[in-house]
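Observations on the three-dimensional arrangement
Here is what each chain is made of, one letter per residue.
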Amino acid sequence: MEFVTVDQGNIDREHICCAISDKKGETCVSSKKAWMKERFKEGLVFRKLDVRGKVFIEYIPAEKAWCPINADGYMHVNCLWVSGQYKGQGFADQLLEGCIEDAKAKGKCGLTVLSSTKKMPFLSDPKYLKYKGFLVADTASPYYELLSLPFRDDVIVPKFRECARYGRTDEPGIVLYYSNQCPHTDKYVPIIEEMARQHGNAITVHKLETAEQAQKAPSPSTTYSLFYDGKFVTNEILGDNKFAKFLESL
């Protein structure tokens, strides 16, 4: 089995792994691919195993990352995912090693990745990354960790931006920040918007359209961050059942 790098030349015919099992996901897949096409010119790399499954890594220069961090000179890993029957075969190691080699070849001083104090949905596994040598560079409320893998001893330690440290917004009610960095948001965001309105709950939705907007977001997870009355609730992309339970809890 070989690895394939998805780029402008083949993205229209290659699958992008994370939405491969979603039979009704054409809209969300196209939104993610459109997002990727804009990022390629900024240095985005998407590399996957040439199989019909979720085995891939996605990374970009940290200056262009859709994450509120200060990490000049680093390469930021958006996502590293190996699932199902492909676990335990060394593919995550190979993808990460390829990323490290590429980052060094491009003159980067290290890698960064958004993780958490314990394994959380839609965030990279901290146990695996720390086993591979990543260090906790910074933390943000309520459970975020910015992990780094410096290539030298003299590099600046990356940090979260102040706007994202506290898990707070100034807006009342249900507030959602999201982007098309994950293909599933375009599918589920309209669903929860309609559910909130049907239940008589006001909801404010902010779609992040640029890296600059994402880097000013009030939470490290700019793929999806849900707030209620100013307080962070979750980064998990909620489907209708889980969002219904959230509404009931209010």
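Here, every reference points to the structure presented above.
Now for a description of the structure that goes with this document. Residue numbers run consecutively from 1 along every chain, following the written order of its sequence. Selection of residues for local features in this predicted model requires a pLDDT of at least 70, selection of side-chain atom pairs for listing and counting requires 80 or more, and totals for whole chains, interfaces and linings are taken over all residues. To obtain the side-chain values, all non-hydrogen atoms of the structure were used and water was disregarded.

Judged by pairing direction, the sheet is mixed, and its four strands sit side by side in the order S11-S10-S12-S13 without closing on themselves. Edge positions in the sheet fall to strand S11 (203–207) and strand S13 (231–234), since each has one partner strand and no second. Strand-to-strand twist of the sheet, defined as the mean angle between neighbouring strand axes without regard to direction, takes the value 25°. DSSP-based pairing: two strands are paired if at least 2 bridges between them are found. Secondary structure counts use DSSP, requiring at least four H or I residues in a row for a helix and at least two E residues in a row for a strand, with both numbered from the N terminus. Bridge analysis of strand S10 (residues 174–178) against S11 gives five bridges, and the strand direction is parallel. Pairing of Val-175 across the sheet is with Thr-204, part of S11. Should any heavy atoms of two residues lie within 4.5 Å, those residues are counted as being in contact. Here an axis means a line fitted to C-alpha atoms, over the contact stretch when the element is a helix, while the angle between two N-to-C directions is reported on a 0 to 180 degree scale. Those strands touched by helix H4 (residues 185–198) are S10, S11 and strand S12 (224–228), and its axis lies near 160° from that of S11.

A few words now on unusual backbone geometry. In this structure, Pro-142 follows Ser-141 across a cis peptide bond, with omega equal to -5°. Positive phi, close to 70°, is recorded for Phe-122, a residue that is not glycine. Along the chain, Phe-122 falls in the loop between strand S6 (110–116) and helix H3 (126–131). Here Asp-229, not a glycine, exhibits a phi torsion of approximately 50°, which is positive. When accessible area is computed with a 1.4 Å probe and restricted to protein chains, residues below 20% of their type maximum are described as buried, those above 50% as exposed, and intermediate ones as partly exposed. For Asp-229, a relative accessible area of 46% translates into the label partly exposed.

A 1.4 Å probe that fits but cannot get out identifies a cavity on a 1 Å grid over protein atoms alone, an open set with protein on both sides within 12 Å along at least five of seven lines counts as a pocket, and a residue lines either if it has an atom within 4 Å of a point. Grid points are joined across faces, edges and corners, and a volume is the space filled by probe spheres set on the points. By volume, the largest pocket amounts to about 1,000 Å³. Together, 41 residues line the largest pocket, and Cys-79, Leu-80, Trp-81, Leu-123 and Ser-124 are the ones closest to its centre. At the level of elements, strand S3 (55–61), strand S5 (74–82), helix H2 (91–105) and H3 are the ones that each hand at least two residues to the lining of the largest pocket. If you tally residues by element for the lining of the largest pocket, the top one is S5, at seven residues. Basically, the charged four are Asp, Glu, Lys and Arg, the nonpolar ten are Ala, Val, Leu, Ile, Met, Phe, Trp, Tyr, Cys and Pro, and anything else, Gly included, counts as polar. Tallied by class, the residues present in the lining of the largest pocket amount to 21 nonpolar, 14 polar and six charged.

On to the state of the cysteines. To count as a disulfide, a pair of cysteine sulfur atoms needs to be within 2.5 Å. On inspection of all chains with the given rule, the structure shows zero disulfides. Take Cys-109: it sits in no disulfide, and the sulfur closest to it among the cysteines is that of Cys-99, at 13 Å. Not engaged in a disulfide, the cysteine Cys-163 finds its nearest cysteine sulfur in Cys-67; these two sulfurs lie 9.7 Å apart.

Here seven strands make up an open sheet; going across it, the order is S1-S2-S3-S5-S6-S8-S7 and the pairing mixed. Edge positions in the open sheet fall to strand S1 (3–6) and strand S7 (135–140), since each of these has one partner strand only. Strand-to-strand, the axes of this sheet are offset by a mean angle of 25°, without reference to chain direction. Where S3 meets S5, seven bridges bridge the pair, whose relative direction is antiparallel. Bridge assignment links Pro-61 to a residue of S5, and that residue is Met-75. Its contacts with the sheet put H2 on S1, strand S2 (45–49), S3, S5, S6 and strand S8 (144–150), and the angle it makes with S3 is roughly 20°.

Take the environment of Gln-215 next. In this fold, Gln-215 is placed in the loop between helix H5 (211–214) and S12. For Gln-215, a relative accessible area of 9% corresponds to the buried category. Each C-alpha atom of the pair Gln-215 and Arg-161 lies 7.8 Å from the other, and the pair is 54 residues apart in sequence. Apart from the residues lying within four places of it in its own chain, the contact partners of Gln-215 are Ala-62, Glu-63, Lys-64, Ala-65, Cys-67, Pro-68, Arg-161 and Cys-163.

No statement about biological role is implied by the geometric values presented.
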